[in-house]
Amino acid sequence: MLKKSLLTVFILSVTIIGILVGSSIYTLYSKKRLTVDPKLREISGIEFDKFNRLWAINDSGDQPKLYRLNEDGSIAKEILVTNAKNIDWEDMTQNKFGHFFLGDFGNNKNDRKWLTIYKIENPIDIKSNTTEAEIIKFTYPEMDGSPIQPEQRNFDLEAFVALGRHLYLFTKNRTEPFDGITKVYKVGDHAANFDAQLIDSFQTCTTMEKLCWITSAALSPDRTKLVLLDSTSIWLFENYQGDKFFSGDVSRIDLGIVTQKEAITFYDDNTIVFTDEEFKGIGGNAYVIKLDEAEKKVIRKAPKNNQ
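In what follows, the accompanying structure is described. Just so it is clear, the model here is predicted, and its values are computed rather than measured.

Rules used throughout
- Residues numbered from 1 in each chain as written.
- Predicted model: local features only at pLDDT ≥ 70, side-chain atom pairs only at ≥ 80, totals over all residues.
- Heavy atoms only, no water.
- Pairing = 2+ DSSP bridges.
- Helix = DSSP H or I, 4+ residues; strand = E, 2+ residues; numbered from the N terminus.
- Axes fitted to C-alpha atoms, helices over the stretch in contact; angles between N-to-C directions.
- Salt bridge = Lys/Arg side-chain N within 4 Å of Asp/Glu carboxyl O.
- Buried < 20%, exposed > 50% of the residue type's maximum accessible area, 1.4 Å probe, protein only.
- Disulfide = S-S within 2.5 Å.

In space, the five strands of this open sheet follow the order 16-17-18-19-23, with antiparallel pairing throughout. One side of each edge strand has no neighbouring strand; the edge strands of this open sheet are strand 16 (216-219) and strand 23 (297-300). Adjacent strand axes in the sheet meet at a mean angle of 25° when their direction is disregarded. Across five bridges, the pairing between strand 17 (residues 225-229) and strand 18 (residues 233-238) is antiparallel. Each residue of the ladder has a partner; that of Leu228, found in strand 18, is Trp235.

Next up, the structure:
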């Protein structure tokens, strides 16, 4: 009798796990819109130009190139940035004029003293297959040359946005023990050497770093919504004032199964597109979410006097 009871519990547990996994897979793949060209298997940044065409960049190891995608995910055009290097390109954003910014600021070992952002003209104005970039350099004042202790390893970077005349950088936390805090730094949007200014921070989770590392960021075209991406979620920030992104309402959108989600952008003020890297046959896709249809878990509502 006891053996039958244990068998029943085991079968029930397996069934429940199967249902949960299946539901998690559906949560992600129901949003799939296209498979990205294999040449972009390490896609790390995406952005739409003013003609609503999707552009992408690869992570480290590729040439310093942008790729424009067709609607089926194949590559339509490649542009080489002739005065750039791809040491560790991690995200892409644009300002209101359509200038693209390419973030060569991956810092896995927290040992890169100076990091680079390449600013190029609006891609719709690039008629050839090459362009030159304006070069923005920055460093963290906290990296003063002394050894960085495990609990201070928060100088990796994979996410940024443009607002006004500044770029806002969201760190990928590598602290030990992991505390889940992404720090926000601010630099100018023009060629110069900057000391990045720490302006704010936000805690995602403390359970496991690979589940809540911030890997990309985007602002809606009307600049009223900020999203941060991690392996399982989109963090949505609304009703903030100025560049105090974390002062308003905070919501979380569940993205289902864990994949290496590395790039996010807005198509319009209500539509988000994000991608994941291909790994052992999983991922390598672009997905679409409509904010007015998405299920959002409210994390925090801002005080009324903030709105």
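Having seen it, we continue.
Take the pattern of salt bridges next. Here the structure, examined in full by the defined rule, presents 12 salt bridges. In this structure, the salt-bridge partner of Asp249 is Lys301, at a minimum N-O distance of 3.5 Å. One end of the pair, Asp249, is in strand 19 (residues 249-254); the other, Lys301, is in the segment after strand 23, and 52 residues separate them in sequence. On the accessibility criterion, Lys301 (57% relative accessible area) is exposed. Put simply, Lys39, Lys65 and Glu78 are held in one network by salt bridges that share partners.

Moving on, we get to the state of the cysteines. This structure, assessed with the given rule, holds one disulfide. Residue pairing for Cys205: its cysteine sulfur links by disulfide to Cys212, the two sulfurs lying 2.0 Å apart. One disulfide, between Cys205 and Cys212, carries an S-S torsion of -80° and so falls in the left-handed class. Considered together, Cys205 and Cys212 belong to a single accessibility category, that of buried residues.

As a further point, take the sheet that holds strand 6 (residues 89-94). Taken together, five strands build an open sheet; the order of strands is 6-7-8-10-14 and the sheet is mixed. Bordering the open sheet on either side are strand 6 and strand 14 (193-195), each of which pairs with just one other strand. Ignoring strand direction, the axes of neighbouring strands in this sheet form an average angle of 25°. Pairing of strand 7 (residues 100-104) with strand 8 (residues 115-120) involves five bridges; the strand directions are antiparallel. Among the inter-strand pairings, Phe100 is bridged to a residue of strand 8, identified as Ile120.

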